[in-house]
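Structural overview
Next come the chains, spelled out residue by residue.
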Amino acid sequence: MEQLDIKSQTLSELKKTVEDLSEKPFRAKQIYEWIHKKQADSFGEMTNLSVSLREKLERKASLVSLKVLDVQTSRLDGTQKYLFALPDGNMVESVLMKYHHGNSVCISSQVGCRMGCRFCASAIGGWTRNLRPSEMLDQVYKIQKLSKERVSNVVVMGTGEPLDNYDSLVRFIRMLSDEKGLHISQRNITVSTCGIVPRIYELADEDLQITLAISLHASTQEKREKLMPIAKKYSIDEVLSACRYYFQKTGRRLTFEYSLVGGENDSQEDAEELARLIKGLNCHVNLIPVNPIKERNYVQSDKKVIENFQNKLEKYQINVTIRREMGRDIDGACGQLRKRYLDKREDS
Ligand code: SAH
């Protein structure tokens, strides 16, 4: 029989588990705090539980705990990249970025990805499986523990499409922001999606206060389809209608991510078209100079082209920032560290 994934259980589910073990209900709160507030890695650490309860937990449940395979630290800005092994041996990567306003962790939501965006390193090996809520939580817990830095922001922008692992994502958000756990404010949690329209509507109705970031990357249907296969399933107009609904329901300003790919989507006309497209929406545009991967010949836009793109959007009173490139010296782009390990494994 498969062991219970106790780190993915909400407090009310844990109460039921404790009851099934013929223990008193208040034990559930103690265990929950050990797992989510103190980030215990073993039942043995839970010293205010009786030895017999700890033994029962050991038999019935597993406490998902990721193993660190590699940590790279940028000499340029202190950004840290973590490569973790999941309990089944699969690997995911996460990043710790230090900003003036606090520390931000970028987590993965799936092993691999099946969305196939052309410029993305995570798309190349395809999709293996979804992560469990416990495996998403533990990326944050482990980084906070190992770096001894308080994590204040979490972005779901690593490998994987979070809305393709919807139920686990929503559970992860609720548990991460739970006051009995790490208690990260939902306002400091961002979920980035390539635009799975029905799930955007569903997320809008969840009564969460998170920021939704949409990977737009193009301002016409035709160009978007060239870069992102998912665009063939959900049109740019459908994505924007879903965004309007999201804002209406949550009052949360949206972010549009736009990776600038030299000669593909970075012209002045592209900028103008983008401005027209998102006009009237309460949003912010994040321009990301594409991080070239060796499997494709995409190149970064010239600095001047990027600036002109930004200026054009600003002329239309659109809020724009250019994403600061963090950790350029440490397998910067999403999925590159993991990919390097997988390639090495295949070679040997
Ligand atoms: N599946 C989610 C999260 C992906 S990663 C999504 O699609 O939004 C976060 C962002 O980085 C996305 O906007 C993604 O399109 C972008 N991205 C991925 N690889 C990139 C690269 N090599 N250069 C620039 N941006 C990239």
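Residues numbered from 1 in each chain as written. Predicted model: local features only at pLDDT ≥ 70, side-chain atom pairs only at ≥ 80, totals over all residues. Heavy atoms only, no water.

**Some points on the UniProt feature "domain: Radical SAM core" (unreviewed entry) in the protein**
Condition: UniProt positions are given in the numbering used here, feature names are shortened, and annotations may be inferred rather than shown by experiment. Elements are defined by DSSP. Helices are runs of H or I of four residues or more, strands are runs of E of two residues or more, and each kind is numbered from the N terminus.
Using the residue numbers shown here, the UniProt feature "domain: Radical SAM core" (unreviewed entry) corresponds to residues 99-329. Secondary structure across residues 99-329 divides into 35% helix and 20% strand, with the first and last C-alpha atoms of the span separated by 18 Å.

**A word on the site of the ligand**
Test applied: The rule for a residue being near a molecule or strand is that one of its heavy atoms must lie within 4 Å of it. Here a polar contact is recorded for every N or O atom pair within 3.5 Å, except that within protein the pair must consist of a potential hydrogen donor and a potential acceptor, and residues adjacent in sequence are included only if both atoms are side-chain atoms. To be clear on the numbers: accessible area is Shrake-Rupley with a 1.4 Å probe, and residue cover counts the displayed protein chains and nothing else.
Every one of the 17 residues lining the ligand counts as a neighbour, but Ser192, Ser215, His217, Ser259 and Asn291 are closest to it. Gly160 has a polar backbone atom sitting 3.0 Å from a nitrogen atom of the ligand. Thr193 is positioned with one of its backbone polar atoms (N or O) 3.3 Å from an oxygen atom of the ligand. Relative to its free-state accessible area of 530 Å², the ligand is covered by the protein chains to the extent of 94%. Listing elements by their share of the shell around the ligand, those giving two or more residues are strand S10 (189-193) and strand S12 (254-260).

**Here's the deal with the nonpolar core**
Put simply, the test is: Residues enter a nonpolar core if they are buried and are Ala, Val, Leu, Ile, Met, Phe, Trp, Tyr or Cys, with the set joined through side-chain atoms within 4.5 Å. In this scheme, a residue with accessible area under 20% of its type's maximum is buried, one over 50% is exposed, and one in between is partly exposed, where area comes from a 1.4 Å probe on protein chains only. Residues are treated as being in contact if the distance between any of their heavy atoms lies within 4.5 Å.
Counting residues in each nonpolar core, the largest one holds 95 residues, and the members touching the most others are Ile31, Val140, Phe172, Phe256 and Ile278. Take this core: its biggest share by element is seven residues, from helix H5 (residues 166-176). Look past the residues within four positions of Phe256 in its chain and what remains in contact with it is Ile214, Leu216, Leu240, Cys243, Ile278, Leu281, Cys283, His284, Val285 and Asn286. Grouped together as the second largest cluster of nonpolar side chains are seven residues, Val95, Met97, Ala213 and Met326 included.

**Structural notes on the sheet that holds strand S14 (residues 319-322)**
Heads up, the rule is: Two strands pair under a simple rule: DSSP has to find at least two bridges between them. To get an axis, fit a line to the C-alpha atoms, keeping to the stretch in contact for a helix; angles then go from 0 to 180 degrees between the N-to-C directions.
The strand order across the open sheet built from ten strands is S3-S4-S5-S6-S9-S10-S11-S12-S13-S14, with neighbouring strands paired in mixed fashion. Each edge of the open sheet carries a strand with a single partner, namely strand S3 (67-73) and S14. Going across the sheet, the axis of each strand differs from the next one's by a mean of 20°, ignoring polarity. For S10 and strand S11 (residues 211-215), the ladder comprises four bridges, and the chain directions are parallel. Residue Val191 lies in a different strand from S11, and its bridge partner there is Leu212. Contacts between helix H8 (residues 236-250) and the sheet are confined to S11 and S12, with S12 contributing the most and set at about 145° to the helix.

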